[in-house]
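Results of the structural survey
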Amino acid sequence: MRTTPKYFAILAVIAGASLFSACASDGPPTAPVKVDAALTQQKLQDLHDKYDWIGQYHTDGLAYMYKELAKGSKKPRSHAELCKIAAKATKEFHKIARNGDIPANAADPALVAEVCPSDGGVNATILVAPNGLPSARADLSPGATNLIDQITSIANTATSRAAYVNGVQNAEAQAVYLPSDEAAAVIGVGSVALSSLDYWEANLGAWKGING
């Protein structure tokens, strides 16, 4: 199921970094408690209503990046040239779409400098707090990070669209038992996962047509 190039995950970082910075819990992880099923479902819906914009932001950013890359698709370009175009497009898109909501200094310095991460993929510490503080993701509880890891691994293990969607939704459903700030982080990652699935199913062929 995995079709998205690693670099494109950086689009979610600008949104996700600030979310993770805000969602680091100050206290110990909260154990699941028995709650009414209707209330649980309502909490999940409320989280989706509040944070599903992250997935749309991600795919809108991909569309903007594609438009910029496609402008020069008739001439040969190196990997470094393509990365520079992609990074610049990501930065420009963020300024247009969410600059007032999410500070640019919450993103990886490589993106701010309009260059690719040095290893060609996403920096392992890309979810950073503002002003270069260590990764805010490390401040989340084990329960939250486990659900996030479940979601990010689904692309490598799912054998069908249904399995992919069900896996993400199952992880999201478990997030309601976390503190609300950490639940928000899980829902944000799930939103990106599902919106990415739809985007790449519809647009992968066009991306393959980009020269380079």
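This structure is a prediction, so every number in the text was calculated from the model and none was measured.

**Details of the overall build of the protein**
When helices and strands are counted, the protein shows eight helices and two strands. Listed by position from the N terminus, the elements making up the protein come as α-α-α-α-α-β-β-α-α-α. Counting only contacts in the protein whose residues sit at least 6 apart along the sequence, the fraction spanning at least 24 positions is 80%. For the protein, the exposed surface amounts to about 10,800 Å²; the carbon and sulfur share of it is 56%.

**Overview of the pattern of salt bridges**
For the structure shown, the criterion picks out three salt bridges. Of the charged contacts in the structure, one is a salt bridge between Glu 68 and Lys 71, with a shortest N-O distance of 3.2 Å. Here Glu 68 falls in the buried class, since its relative accessible area comes to 17%. Under the relative-accessibility criterion, Lys 71 is labelled exposed at 61%. The shortest N-O distance in the salt bridge between Asp 198 and Arg 161 comes to 2.7 Å. Highlighted residues: Asp 198 in helix H8 (residues 180–208) and Arg 161 in helix H7 (residues 161–175), separated in sequence by 37 residues. What makes Asp 198 partly exposed here is its relative accessible area of 41%. Salt bridges sharing common partners tie together Arg 161, Asp 198 and Glu 201.

**Section: the packing of aromatic side chains**
Enumeration according to the criterion identifies six aromatic pairs in this entry. Both rings, one in Tyr 57 and one in Phe 93, keep their centres 5.3 Å apart while their planes meet at 50 degrees; by these two values the pair is tilted. In this pair, Tyr 57 sits in helix H3 (residues 53–70) while Phe 93 sits in helix H4 (residues 79–97), placing the two residues 36 residues apart along the sequence. Between Trp 200 and Trp 207, the aromatic rings sit 5.3 Å apart at their centres with planes inclined by 55 degrees, giving tilted as the arrangement. Trp 207 gets classed as buried once you look at its relative accessible area, which sits at 9%. Members of the aromatic cluster, joined through ring pairs, are Trp 53, Tyr 57, Tyr 64 and Phe 93.

**Comments concerning the side chain of Thr 59**
By secondary structure assignment, the location of Thr 59 is in helix H3. A residue is classified by how much of its surface remains accessible, and Thr 59, at 9% relative accessible area, is buried. Non-local contacts of Thr 59, meaning those with residues more than four positions away in its chain, are made with Ser 195, Ser 196 and Tyr 199.

About the criteria used
- Residues numbered from 1 in each chain as written.
- Predicted model: local features only at pLDDT ≥ 70, side-chain atom pairs only at ≥ 80, totals over all residues.
- Heavy atoms only, no water.
- Helix = DSSP H or I, 4+ residues; strand = E, 2+ residues; numbered from the N terminus.
- Contact = heavy atoms within 4.5 Å.
- Areas by Shrake-Rupley, 256 points an atom, 1.4 Å probe, with all protein chains shown as cover.
- Salt bridge = Lys/Arg side-chain N within 4 Å of Asp/Glu carboxyl O.
- Buried < 20%, exposed > 50% of the residue type's maximum accessible area, 1.4 Å probe, protein only.
- Phe/Tyr/Trp six-rings, centres within 6.5 Å; stacked < 30°, edge-to-face > 60°.

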